[in-house]
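Reading the structure
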Amino acid sequence: CKRICRCPHSPAADASQGEGPRSSTRGLAWRGRKLMCAGVAGGEGAAKARERAVLIVDDDHATRLLLKATIEGLSIPCRILEAADGDTALELAGRTRPDLALIDIVLPGSSASGVLLCERLCRDSRTKVVVVSGQANESIVQAALSVGAVAYVRKPFSVDDMRVKLAAWLSD
């Protein structure tokens, strides 16, 4: 911990408690699978959380803007990429390897349909794919889930519910 705090591995704790660096876990907290300074785990420390890449794929500009604003409202640092069609989405995904992809199934004017896009994105085990669509029927949803999508969210969606889900998907 590079800042002055009361965690066991800070300079202040070493001097005041007579303990060596990292000699106990007092003042530390778990964040995901990592043990770190409680101040950092709470979001206040010098260390920054890893920036997540999120790919939003939807032909509707308003939906992309709403999803982008919802993600930006989270306390998780994210780099947001947008695509209006499957072809652009595949190009962006190939360059950035997103942590999360929010994709619409119906993508007019694209050679890569939503299910094909879902299948290709799911090939990278680091990318969680979530289908966000109002047009998908049950068989299309099942096809997307069977190729690896982690969830299906029906449009229109509640922004509050989406915020909770996004935080969970991005926290792993």
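Keep in mind that this is a model prediction, so the values were computed, not measured.

The next subject is the pattern of salt bridges. What the rule picks out here adds up to 10 salt bridges. Across the salt bridge formed by Asp-58 and Lys-155, the nearest N and O atoms sit 2.7 Å from each other. A residue pair is termed long-range when its members are at least 10 positions apart, and Asp-58 in the loop between strand S3 (52-57) and helix H3 (61-72) and Lys-155 in the loop between strand S7 (151-154) and helix H7 (159-171) qualify at 97 residues. Side by side, Asp-58 and Lys-155 carry an identical accessibility label, which is buried. Among the ionic pairs, Arg-126 bridges to Asp-124, the shortest N-O distance being 3.3 Å. Residue classification places Arg-126 among the partly exposed positions, given a relative accessible area of 48%. For Asp-124, a relative accessible area of 16% gives the class buried.

For a regular strand, side chains alternate in direction, first toward one face of the sheet and then toward the other. Both faces of strand S5 (residues 100-103) are covered, namely the face carrying Leu-100 and Leu-102 and the face carrying Ala-101 and Ile-103. In the sheet, S3 pairs with S5 via four bridges, with the strands oriented parallel. Of the residues in S5, the one forming a bridge with Leu-55 is Ala-101. Here S5 pairs with strand S6 (residues 128-133) via four bridges, running parallel. Each bridged residue has a counterpart across the sheet, and for Leu-100 the counterpart in S6 is Lys-128. One crossover worth recording links S5 to the parallel S6 by way of helix H5 (residues 114-122), and it is right-handed.

Quick look at the side chain of Asp-104 now. Residue position: Asp-104 is located in the loop between S5 and H5. Those residues in contact with Asp-104 that sit more than four places away from it in its chain are Val-57, Asp-58, Asp-59, Gly-114, Val-132, Ser-133 and Lys-155.

As a further point, take the confidence of the model for the protein chain. Summary statistics for the protein chain give a mean pLDDT of 79 and a share of 72% for residues scoring 70 or more. Mean pLDDT values over the elements of the protein chain span from 39, in helix H1 (residues 11-17), up to 98, in S5. This model gives residues 1-47 a pLDDT under 50, and the stretch forms 70 contacts once residues within four places in sequence are excluded.

Cut-off values and rules
- Residues numbered from 1 in each chain as written.
- Predicted model: local features only at pLDDT ≥ 70, side-chain atom pairs only at ≥ 80, totals over all residues.
- Heavy atoms only, no water.
- Salt bridge = Lys/Arg side-chain N within 4 Å of Asp/Glu carboxyl O.
- Helix = DSSP H or I, 4+ residues; strand = E, 2+ residues; numbered from the N terminus.
- Buried < 20%, exposed > 50% of the residue type's maximum accessible area, 1.4 Å probe, protein only.
- Pairing = 2+ DSSP bridges.
- Right-handed = clockwise from strand over helix to strand, strands pointing away.
- Contact = heavy atoms within 4.5 Å.
- pLDDT = per-residue confidence, 0-100.

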